[in-house]
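If you want the building blocks of each chain, they are given just below.
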There are 12 protein chains.
Amino acid sequence: MKIIIINGPNLNLLGTRETNVYGAQSFDAYFASLKAKYTGLDLSYYQSNVEGELINKLHETGFDFDGIILNAGGYTHTSVALRDAIAAVKTPVIEVHISNIFAREEFRHTSLLASKCKGSISGFGMDSYRLAVESFL
Amino acid sequence: MKIIIINGPNLNLLGTRETNVYGAQSFDAYFASLKAKYTGLDLSYYQSNVEGELINKLHETGFDFDGIILNAGGYTHTSVALRDAIAAVKTPVIEVHISNIFAREEFRHTSLLASKCKGSISGFGMDSYRLAVESFL
Amino acid sequence: MKIIIINGPNLNLLGTRETNVYGAQSFDAYFASLKAKYTGLDLSYYQSNVEGELINKLHETGFDFDGIILNAGGYTHTSVALRDAIAAVKTPVIEVHISNIFAREEFRHTSLLASKCKGSISGFGMDSYRLAVESFL
Amino acid sequence: MKIIIINGPNLNLLGTRETNVYGAQSFDAYFASLKAKYTGLDLSYYQSNVEGELINKLHETGFDFDGIILNAGGYTHTSVALRDAIAAVKTPVIEVHISNIFAREEFRHTSLLASKCKGSISGFGMDSYRLAVESFL
Amino acid sequence: MKIIIINGPNLNLLGTRETNVYGAQSFDAYFASLKAKYTGLDLSYYQSNVEGELINKLHETGFDFDGIILNAGGYTHTSVALRDAIAAVKTPVIEVHISNIFAREEFRHTSLLASKCKGSISGFGMDSYRLAVESFL
Amino acid sequence: MKIIIINGPNLNLLGTRETNVYGAQSFDAYFASLKAKYTGLDLSYYQSNVEGELINKLHETGFDFDGIILNAGGYTHTSVALRDAIAAVKTPVIEVHISNIFAREEFRHTSLLASKCKGSISGFGMDSYRLAVESFL
Amino acid sequence: MKIIIINGPNLNLLGTRETNVYGAQSFDAYFASLKAKYTGLDLSYYQSNVEGELINKLHETGFDFDGIILNAGGYTHTSVALRDAIAAVKTPVIEVHISNIFAREEFRHTSLLASKCKGSISGFGMDSYRLAVESFL
Amino acid sequence: MKIIIINGPNLNLLGTRETNVYGAQSFDAYFASLKAKYTGLDLSYYQSNVEGELINKLHETGFDFDGIILNAGGYTHTSVALRDAIAAVKTPVIEVHISNIFAREEFRHTSLLASKCKGSISGFGMDSYRLAVESFL
Amino acid sequence: MKIIIINGPNLNLLGTRETNVYGAQSFDAYFASLKAKYTGLDLSYYQSNVEGELINKLHETGFDFDGIILNAGGYTHTSVALRDAIAAVKTPVIEVHISNIFAREEFRHTSLLASKCKGSISGFGMDSYRLAVESFL
Amino acid sequence: MKIIIINGPNLNLLGTRETNVYGAQSFDAYFASLKAKYTGLDLSYYQSNVEGELINKLHETGFDFDGIILNAGGYTHTSVALRDAIAAVKTPVIEVHISNIFAREEFRHTSLLASKCKGSISGFGMDSYRLAVESFL
Amino acid sequence: MKIIIINGPNLNLLGTRETNVYGAQSFDAYFASLKAKYTGLDLSYYQSNVEGELINKLHETGFDFDGIILNAGGYTHTSVALRDAIAAVKTPVIEVHISNIFAREEFRHTSLLASKCKGSISGFGMDSYRLAVESFL
Amino acid sequence: MKIIIINGPNLNLLGTRETNVYGAQSFDAYFASLKAKYTGLDLSYYQSNVEGELINKLHETGFDFDGIILNAGGYTHTSVALRDAIAAVKTPVIEVHISNIFAREEFRHTSLLASKCKGSISGFGMDSYRLAVESFL
């Protein structure tokens, strides 16, 4: 079973950026622990700050992977192009957020992506990713 | 570890109501399978169609249970009183939805409850409840 | 043919409350005259001020009655839960209003229920109920 | 008792146009059956696609007829001039719609006419006209 | 002179819930002190988390009591049905709030009830109730 | 100097319609008195309930008359086509209203025509027309 | 017959300020010509840039003058206090504007004052004042 | 192949009206050149300023013509009735505009007709009509 | 204990202005009775129609008085500057209104001041001031 | 004559993605047929999913090409930066869409680009590109 | 070179008011240091809490000074009259704010003045004034 | 002291693009003059049209530079991702704009970035950059 985690803008700074909101763990460290836990899965990981490169990666993986876990960061609230990419691919996409986006600024309460995703998970910190992986089992 | 699932209005009809949206399984059958899977947990279940009774149950369990999993159904989008109840109790509350609320009518995209919950999970069918249980482990 | 009239909040005060808007006749007196007129029908009547109890009654009658005539009063404009109950049951539901809701406050111009009902009748005073009964003949 | 049914734009196409929404019966056929049923009434019928001609007809009949049944079609949602005409005449006007306008596009949920009419009936197919006639008895 | 204080959802938790907002005193203790102060008045008290039961109580007391002091909690901002109940009864109703609702979330700035009440008092902590009692003297 | 008064929908009912708002004088009587007062002017008058005929009349008079006084009634608030007609002609157009449109329903506070007219006069009863004539002197 | 013209903020700059919008004539020169024309009237004039002083002047003249002609300039669109002052006095107030406010910025299309004035005149340049004087004759 | 061009309000003034926006050519001259170019087609032309007559013409041609090219002018932005007419007929309708409606006033950016048309073409001057004809080849 | 009542625009007309809304008593008469009742307090009074002078008075009294009772009249709904003044001073400010502002025009339902005041009291007629005084005891 | 077609996000999937909306033909195949048809033109083609690269290409071609045909996909509705690029270059830009964007989700009805383009063509499937090419002839 | 700094409401309290937002320095002290730094300039200073007096000062200095630096405080967001004054004068006006108005309440994000000023500077504390002075050099 | 100027989309065209808005000087020429003026500073410069590359550059410089001067062009109004990047880095960011964005299209009045920046400067032409440099001294 091939699953990819795709992280969007600023998530490369996890562990550095606003640690009161996002926690102090880097994503690489977290991803290593996740792989260790789910040894039966073929888990991979991609990050980019460029909206179009996230679209490229969705196109590349979206026809033969079994699942995509997408944290599109700030593009969640503004990108019709990403929404179209999710609708265009075959692989089911799960939207995750580390923080509870509904407890933050008003403009973060709207997701342009959610309606095209299979499901949404937000607010569990890094554990949001594990729950998304669980959803594919 | 004591966890309760609280279901709101119309969820007593699961398996009967709009099966194309909610599936054909009754919640009782699903709950039995969930209990069987998580034998180490003290799982209980409550359902009411009355907003105020849901508030009563939150008050009753919200100070000594370890977790509350709440699917408030239609009250999700309209109830400030439930929101206040969630904010008033000590136990962390997870909001779940069976369907992807973001792919339905516009007024279902807003949750008055989400910002006071620890996290939100929606769109995974009945499996949304299991993922919520997982989040407490 | 089994038909039930379900009245929501404050309609127990008919004949007492704001008689310039709703008229001076109590609903019991009106209902008696309606039963007398339609002797071939099995007409029953229920009233509650509690939103959840209206939902309970819809569930209870919504699978084997032939028609439901619903005046949800103030819940008409605020209740997603009632809307979901109407969508969940099999029996066709007719929405009625005694006063012309479009000639009153702005917030009464929107009905969350109407789109899930078979039809809507408003503004004919008590006669709105009779027209709803007629619609089932 | 003199009653007129006034139909607005596109209703001349009934039986031809979008039959999944409006049904396959022409209005002429329906009107004949209605006249046959209510032989004690002086029922007449008028249709125009021109907003101003509908206003002319309201002026012409609105001072000596006993009732006007108006289906203003698309002008329902846009015409302040028709609203003014209804307010200007003496005869009570009943607004009818064949389809359930609340279950269609957002812009059809608002009626500029309703607040000046005696009552509104929508969603019963052709039977909406009969219920309107009933309301005058 | 018969006056009743009616408290809505979550106010049974006063002294327990969000003490930084609402203070640490239970309402029972406060009510005892209020009765002690106004010995010449016939003061009573009712609380429910159920919207419809608050309506029932308004109907029950709203025709022979001299005053009703209502803190409808979260229902203040969402309940057309409560608004209608206030409009339907004869007894003057005073709306009170413990906290300054205008200094809290946006959705708390709108009261559906205020326009049907005789007056509104908010922001004085428990003392808001005393000022409401004073207004009847 | 050639000036025409063009009246829109329902203004043929002046003296009949809502006399508390518009007064009891017919426009023909008023127009006669106006002509008598301004004998030096070539004053004419046109009325139609049909939007397109008002446009036709604007085209017909809008290139060689010296002034147009337009009371477009309900079309004032809804007609982009009339606005375009005013912009298309050479003759200056004055918008008049008998009643104070700003003291009436919200939707009457917006004029689609005003920005293309030379000036606007409202609220002076029939005298609004005289002031418009004065403005051309 | 005592009539006062009250001018609000920046109108002291007439003839200096944005002459493409307001023309090159000073108000003093215009006022002199107006007085000369209407010798039978007791015409006076007041100008202030201070909102509260305009209110003071309305109070001072609003009980024994026969007419007030008010150009409130920028306060037209923002001042509830001026609106209240107009509603509070007995003398009828006419709102005038030199430019066509409907052909300018969006926020100038709304007048908080108009609904409390007897009538409104805008767009005729300085001549707007003369038409207002005419309306009192 | 039978194709009709239907022009709405004010388009009879082409070549006269706002020539900076619409150009100096009359539509008759343009139509002659178009006919000359597409000799293999049965091209006809209709214009009216009356909304209802445009609807009549759509009904008349909408069941046996092969294509309708519609420039509804100002009715584009306000007419639900025209929208319904387009939806009611069988012949595909192409919406055209001479000017770029998106570069003009805000209210011209919304078309009530577009969603019921096969396609839309705007901004090419008279050439918009030729492109529409091309689309049928 | 030093307390000042500050009244804003048009409140100098109390007893004269719109007596159906505000009652027939002048504020001076009322203030005398209030002083007589609370002889133990150092009560003073100030009124101005000028927004900036109200700010000046808040600055002057806002650092050594024990309480400020402010009825800002029409400035309540429009003045960010007054709001800033309330936030800037040390003395607690109570907002009062004579009428029930929630039962009047829509724009009176919003107070820019309330969130910076300690509490709000509205709808009790002149008695609103007494309740505000009571709140300081 | 040098013309370039620039396609934005997800259009590389044409023939693969949502074929019920966009058809089953790949753009490469279509482009080959277009080149074959217009042999007298120097037609080229570019596609990118990256917003900034589309801007780069507009800068690169926008000063010496004769025409640009732009289908910006999802960026159409969200990109001020692309809008600025279109405004910045000299070459006229034609906006095209394969589907009828007005018949899809609400947010697709707004184009940030259209007002800076020479013209817009939408809804003709692949044929939209041919019509755009035609517009340059 | 003659430059004046004009400060609006509450800025006389600088150093006293909300020192966490505005800092502890009084404006007089700051102004002295600024004068000391720019000895080659003729710098003056004015403050008023009265909107109309700020307008008066703009009129007085706006035709022969070389620059005006305006911090209109709370009037920034509400005053059309000040906006008109800025547009009316010849001297370029620079808008300054001490705090970052975009990081504060929503209503502070809109400036009615900015579009008529030459430029805007906000968020640099007292240093905002120095940068404004620099802009004139 | 290390300071970087980061320019966003289309600013590479300065001196070429819309010279009536942005002036005729290229940014390279301007930057050279700025470096010459501030020889004591370590000034660098970066430009990209790609949103994600601007984010990359903010990450790269945002932890050890002393100041960032950001003109995000069109992304200012649409990019939550850039806003998050500014919030994530340590270095203070100053937002600059060459033109007065408040005097341009409505959508340019909102900045998603401003609330996370230390300060904002707009409207001074190229000189906006110099003032931003000054703010770090």
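Scroll up for the structure.
Since this is a predicted model, take the numbers as computed values, not measurements. (Residues numbered from 1 in each chain as written. Chains lettered and ligands numbered in written order. Predicted model: local features only at pLDDT ≥ 70, side-chain atom pairs only at ≥ 80, totals over all residues. Heavy atoms only, no water.)

Trainee: Which residues make up the relation of the copies chain D and chain F, and what are the values?
Mentor: Screw-axis analysis of chain D against chain F gives a translation of 0.0 Å along the axis, an RMSD of 0.0 Å, and a rotation angle of 120°. On this basis, the relationship between the two copies can be described by a three-fold rotation axis. With a heterologous cut-off of 20% or less, the 17% of interface residues of chain D that recur at the interface of chain F puts this contact in the heterologous class. (Least-squares fit on C-alpha atoms with pLDDT ≥ 70 in both. Contact = heavy atoms within 4.5 Å.)

Trainee: Residue-level account of the sheet that holds strand E2 (residues 42-47) of chain D, with values.
Mentor: Within the open sheet, the 10 strands sit side by side as E2(C)-E1(C)-E3(C)-E4(C)-E5(C)-E5(D)-E4(D)-E3(D)-E1(D)-E2(D). Their pairing is mixed. Of all the strands in the sheet, just strand E2 (42-47) of chain C together with E2 of chain D have a single pairing partner and so form its edges. Going across the sheet, the axis of each strand differs from the next one's by a mean of 20°, ignoring polarity. Taken together, the three bridges between strand E5 (residues 119-122) of chain C and strand E5 (residues 119-122) of chain D define a ladder with antiparallel strand orientation. Counterpart to Ser120(C) in the pairing with E5(D) is Ser122(D). Sheet strands in contact with helix H5 (residues 127-135) of chain C are strand E1 (2-7), E2, strand E3 (67-71), strand E4 (93-97) and E5 of chain C together with E5 of chain D, and its direction is about 160° off that of E4(C). (Pairing = 2+ DSSP bridges. Helix = DSSP H or I, 4+ residues; strand = E, 2+ residues; numbered from the N terminus. Axes fitted to C-alpha atoms, helices over the stretch in contact; angles between N-to-C directions.)

Trainee: Residue-level account of the packing of aromatic side chains, with values.
Mentor: Using the criterion set out here, one finds 78 aromatic pairs over all chains in the structure. When the ring of Phe27(A) is compared with that of Tyr30(A), the centres are 5.8 Å apart and the planes differ by 55°; the resulting orientation is tilted. Taken as a pair, Phe27(A) and Tyr30(A) lie in helix H2 (residues 27-37) at a separation of three residues, close to a single helical turn. The two residues Phe27(A) and Tyr30(A) agree in class, both being buried. Here the aromatic rings of Phe27(L) and Phe31(L) are separated by 6.4 Å at their centres, their planes lie at 20°, and the arrangement is stacked. With a gap of four residues between them, Phe27(L) and Phe31(L) both fall in helix H2 (residues 27-37), about one helical turn apart. The same class applies to Phe27(L) as to Phe31(L), namely buried. Here a set of aromatic residues connected by ring pairs shows up, and it is made of Phe27(A), Tyr30(A), Phe31(A), Tyr45(A) and Tyr129(A). Sitting above the plane of the Tyr46(F) ring, Lys57(F) keeps its charged end 4.4 Å from the centroid. (Phe/Tyr/Trp six-rings, centres within 6.5 Å; stacked < 30°, edge-to-face > 60°. Buried < 20%, exposed > 50% of the residue type's maximum accessible area, 1.4 Å probe, protein only. Lys NZ or Arg CZ within 6 Å of the ring centre and 35° of its normal.)

Trainee: Describe the relation of the copies chain L and chain K, with residues and values.
Mentor: Expressed as a screw operation, the relation of chain L to chain K combines 0.0 Å of axial shift with a rotation of 180°, fitting to an RMSD of 0.0 Å. Seen this way, the second copy is the image of the first under a two-fold rotation axis. Proximity to the rotation axis, assessed at the C-alpha, singles out Ile121(L) in chain L; its C-alpha lies 2.3 Å from the axis.

Trainee: I'd love a proper account of the arrangement of the chains, names of residues and values included.
Mentor: Left apart from each other, chain E and chain H have a closest C-alpha approach of 29 Å. One thing to see here is that chain E and chain L don't touch, and their nearest C-alpha atoms sit 20 Å from each other.

Trainee: Hey, could you go over the interface of chain L and chain K for me, with residue numbers and the actual values?
Mentor: Listed by partner, the interface residues are 20 residues for chain L and 20 residues for chain K. The junction of chain L with chain K conceals about 1600 Å² of combined surface from both sides, 55% of it contributed by carbon and sulfur atoms. Across the chain L-chain K interface, the total number found is two salt bridges. A salt bridge links Arg130(L) to Glu134(K); its shortest N-O distance comes to 2.8 Å. One can count eight residue pairs in polar contact (both at pLDDT 80 or more) joining chain L with chain K. Sorting the residues of the side of chain L that touches chain K by element identifies strand E5 (119-122) and helix H5 (127-135) of chain L as the ones contributing at least two each. When residues of the side of chain L that touches chain K are assigned to their parent elements, the largest contribution, five residues, is made by H5(L). Classifying every residue of the side of chain L that touches chain K by side-chain character gives nine nonpolar, seven polar and four charged. (Buried area = accessible area lost by both parts, 1.4 Å probe. Salt bridge = Lys/Arg side-chain N within 4 Å of Asp/Glu carboxyl O. Polar contact = N/O pair within 3.5 Å; in protein donor to acceptor, adjacent residues only side chain to side chain. Nonpolar A, V, L, I, M, F, W, Y, C, P; charged D, E, K, R; others polar.)

Trainee: Can you lay out the environment of Ile5(K) for me, pointing to particular residues and giving the numbers?
Mentor: Residue and element names in this part refer to chain K. Turning to its location among the elements, Ile 5 is positioned in strand E1 (residues 2-7). Separated by 95 residues in the primary sequence, Ile 5 and Asn 100 have C-alpha atoms spaced 19 Å apart. Other than its neighbours up to four places away in sequence, Ile 5 contacts Phe 27, Phe 31, Leu 34, Ser 44, Tyr 45, Tyr 46, Ile 69 and Tyr 129.

Trainee: Just give me the short version of the pairing of strand E5 (residues 119-122) of chain J, but keep the residues and values in it.
Mentor: All names here are of chain J. Because side chains alternate across E5, one face comprises the buried residues Gly 119 and Ile 121, and the other comprises Ser 120 and Ser 122, equally buried. Bridge count between strand E4 (residues 93-97) and E5: four bridges; the pairing is parallel. Bridge pairing in E5 links Val 96 to Ile 121.

Trainee: Kindly report on the pattern of salt bridges, identifying the contributing residues and their values.
Mentor: Two side chains of opposite charge can pair, provided their charged atoms sit close to one another. For the coordinates displayed, the defined rule picks out 72 salt bridges over all chains. Measuring nitrogen to oxygen at the nearest pair gives 3.2 Å for the salt bridge that ties Lys57(F) to Glu60(F). Of this pair, Lys57(F) and Glu60(F) both sit in helix H3 (residues 51-61), three residues apart, which is roughly one turn of that helix. By relative accessible area, Lys57(F) is classed as buried at 14%. Put simply, Arg83(A), Asp84(A), Glu105(J) and Arg108(J) are held in one network by salt bridges that share partners.

Trainee: I'd like a description of helix H4 (residues 80-88) of chain J, backed by residues and values.
Mentor: Two residues of an α-helix separated by three or four positions point the same way, owing to the 3.6 residues in each turn. All names here are of chain J. Across the nine residues of H4, eight count as buried, placing the element largely inside the fold. Taken residue by residue, H4 has Val 80, Ala 81, Leu 82, Arg 83, Asp 84, Ala 85, Ile 86 and Ala 88 as its buried positions. The inward-facing, buried residues of H4 contact helix H3 (51-61), strand E3 (67-71) and E4.

Trainee: Go over the interface of chain D and chain F with me, naming the residues and quoting the values.
Mentor: The figure often quoted for interface size is the accessible area lost as the parts come together. Contact with chain D, which involves 18 residues of that partner, is made by 17 residues of chain F. Of the roughly 1300 Å² buried between chain D and chain F on both sides combined, carbon and sulfur atoms contribute 58%. Among the residues chain D hides against chain F, the three largest losses belong to His59(D), Val80(D) and Asp84(D). Together they make up 34% of the total. Applying the counting rule to chain D against chain F returns two salt bridges. A salt bridge links Asp84(D) to Arg108(F); the shortest N-O distance between them is 2.8 Å. Counting the contacts that link chain D with chain F gives six residue pairs in polar contact (both at pLDDT 80 or more). Those elements that place two or more of their residues in the side of chain D that touches chain F are helix H3 (51-61) and helix H4 (80-88) of chain D. A total of seven residues in the side of chain D that touches chain F trace back to one element, the largest contributor, which is H4(D). The residue inventory of the side of chain D that touches chain F, partitioned by class, reads nine nonpolar, four polar and five charged.

Trainee: Any details on the side chain of Ser111(A)? Residues and values, ideally.
Mentor: All names here are of chain A. Tracing the chain through its elements places Ser 111 in the loop between strand E4 (93-97) and strand E5 (119-122). Polar contacts involving the side chain of Ser 111 include one to the main-chain amide nitrogen of Leu 113, which spans 3.1 Å. Excluding anything up to four places from it in sequence, Ser 111 contacts Thr 76 and Glu 95.

Trainee: Give a detailed account of the sheet that holds E5(J), specifying residues and quantitative values.
Mentor: The mixed open sheet is built from 10 strands, whose spatial order is E2(H)-E1(H)-E3(H)-E4(H)-E5(H)-E5(J)-E4(J)-E3(J)-E1(J)-E2(J). Here the strands that pair on one side only, and so sit at the sheet edges, are strand E2 (42-47) of chain H together with strand E2 (42-47) of chain J. Within this sheet the neighbouring strands show an average axis-to-axis angle of 20°, counted without direction. Contacting strand E1 (2-7), E2, strand E3 (67-71), strand E4 (93-97) and strand E5 (119-122) of chain H together with E5 of chain J, helix H5 (residues 127-135) of chain H runs over the sheet at an angle of about 160° to E4(H). Across the sheet, helix H5 (residues 127-135) of chain J touches E5 of chain H together with strand E1 (2-7), E2, E3, E4 and E5 of chain J, and the angle it forms with E4(J) is around 160°.

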